[in-house]
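Here is how the chains run, residue by residue.
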Amino acid sequence: MSTAVQTSYGFGFPKGVAGGLFDLSAHDVTTRQAEGDGVAFGLGVVVGTNKGTDVKLPATGATSDDFEGVVVHNSVMVEKDMDNNVSINSKRTVGCLHFGRIWVQTGAAAKPAYKEKIYLITDGDEAGKFTTSADTATKVEVNAIFLGETDNGIANAEFRPGAVVKAAEK
């Protein structure tokens, strides 16, 4: 009598989780309030209605100066919806990473490579995701680089100090 043994495993885990810190290097996370629908972990957000308080997904016309940071996967309690998506409700408190290393959501056309510049998609269904210069999506450059390739729709990235600091006006 023979024993059945599983010899192949087709299930693998991604290297990280969207919005999760990549490592414990220096980073800055501040408390913000989600404005509107669609804000999710690992997405880039821009300044909302109440500057310094609200963050929202970018929309047409958003610029690099509007970029506030990346939504951090932290103690916010959320559940997946019936389509298997996680979305943070409006007016919920979120952590917003201004600089440091984090796993970000990438657009479908993003093909990141080590130390490649990062762009924030500002229009369409992928608004808030990050991409590369070759992507034809409407995008703005942010002060950040990719640290590796995309893995299951996420990539590790380094946002540099000053990524959200607007130059002083003279």
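Structure: see above.
Residues numbered from 1 in each chain as written. Predicted model: local features only at pLDDT ≥ 70, side-chain atom pairs only at ≥ 80, totals over all residues. Heavy atoms only, no water.

Draft legend 1. Examining the pattern of salt bridges more closely. Under the definition given, this model contains 4 salt bridges. The closest approach of N and O atoms between E68 and R32, which form a salt bridge, is 2.8 Å. With a gap of 36 residues between them, E68 in strand β4 (residues 67-72) and R32 in strand β1 (residues 28-34) connect regions that are remote in the sequence. Across this residue pair, the class does not change: E68 and R32 are buried. Residue E141 is joined to K117 by a salt bridge in which the shortest nitrogen-to-oxygen separation is 3.6 Å. Residue E141 is found in strand β8 (residues 139-146), and its partner K117 is found in strand β6 (residues 117-121); the two are separated by 24 residues along the sequence. Assessed through its relative accessible area of 46%, K117 is described here as partly exposed. Overlapping salt bridges, with partners in common, bring together D23, R101 and E158 in one network. (Salt bridge = Lys/Arg side-chain N within 4 Å of Asp/Glu carboxyl O. Helix = DSSP H or I, 4+ residues; strand = E, 2+ residues; numbered from the N terminus. Buried < 20%, exposed > 50% of the residue type's maximum accessible area, 1.4 Å probe, protein only.)

Draft legend 2. Main features of the side chain of N156. Within the element layout of this structure, N156 appears in strand β9 (residues 154-159). Using a relative accessible area of 7% as the deciding quantity, one classes N156 as buried. At 3.3 Å, the side chain of N156 forms a polar contact with the backbone nitrogen of G148. Beyond its immediate chain neighbours, meaning those up to four positions away, N156 contacts F22, I102, W103, F146, L147 and G148. (Polar contact = N/O pair within 3.5 Å; in protein donor to acceptor, adjacent residues only side chain to side chain. Contact = heavy atoms within 4.5 Å.)

Draft legend 3. The arrangement of the packing of aromatic side chains in detail. Using the criterion set out here, one finds 4 aromatic pairs in the structure. Aromatic rings pair up to connect F67, F130 and F159 into one cluster. Its guanidinium or amino end placed over the ring of Y119, K139 lies 5.9 Å from that ring's centre, counting from NZ or CZ. (Phe/Tyr/Trp six-rings, centres within 6.5 Å; stacked < 30°, edge-to-face > 60°. Lys NZ or Arg CZ within 6 Å of the ring centre and 35° of its normal.)

From the geometry alone we can't say anything about function, so treat these as descriptive.
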